[in-house]
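# Summary of the model geometry
In case you want the letters, here they are:
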Amino acid sequence: MVIAVTNRGNITYLVKSDVYDRKAAIALLRLAIIKNNQAHNLKEKQEACDYFLNNCYTVGLVFDDH
């Protein structure tokens, strides 16, 4: 489990589910890193992060921002 606390005090969680696929998760992370490295501004960097978080369910990761 990864827990992140934002500067506004929001807590988010990233948790492995029963169908977690490590190789696929690493591949997804690598794609997000490539998108981040190709970004030209903050908005594009945020989109790279959103890409990972919006697709993490496909590799068995659960993102919870409650």
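First, a word on scope: everything that follows refers to the structure included in this document.

Thresholds applied
- Residues numbered from 1 in each chain as written.
- Predicted model: local features only at pLDDT ≥ 70, side-chain atom pairs only at ≥ 80, totals over all residues.
- Heavy atoms only, no water.
- Core = buried A, V, L, I, M, F, W, Y, C linked by side-chain atoms within 4.5 Å.
- Buried < 20%, exposed > 50% of the residue type's maximum accessible area, 1.4 Å probe, protein only.
- Helix = DSSP H or I, 4+ residues; strand = E, 2+ residues; numbered from the N terminus.
- Contact = heavy atoms within 4.5 Å.
- Pairing = 2+ DSSP bridges.
- Axes fitted to C-alpha atoms, helices over the stretch in contact; angles between N-to-C directions.

## A look at the nonpolar core
Ranked by size, the top nonpolar core spans 8 residues in total: Leu14, Ala25, Leu28, Ala32, Phe52, Cys56, Val59 and Leu61. By residue number, the principal contributor to this core is helix H1 (residues 22-38), which donates 3 residues. Setting aside chain neighbours within four positions, we find Cys56 in contact with Leu14, Leu28, Leu61 and Phe63.

## Quick notes on the sheet that holds strand E1 (residues 2-5)
Sheet architecture is open: 3 strands sit in the order E1-E2-E3, paired in antiparallel fashion. A single partner strand is all that each edge strand has here, and the edge strands are E1 and strand E3 (61-64). Within this sheet the neighbouring strands show an average axis-to-axis angle of 15°, counted without direction. Both strand E2 (residues 11-16) and E3 contribute to a ladder of 4 bridges, which runs antiparallel. For Val15, the partnering residue across the bridge sits in E3 and is Val62.

## A closer look at the environment of Val62
Within the secondary structure, Val62 is located in strand E3. Between the alpha carbons of Val62 and Ala4 there is a distance of 14 Å; along the sequence they are 58 residues apart. Setting aside anything within four residues of it in sequence, one finds Val62 in contact with Tyr13, Leu14, Val15 and Ser17.

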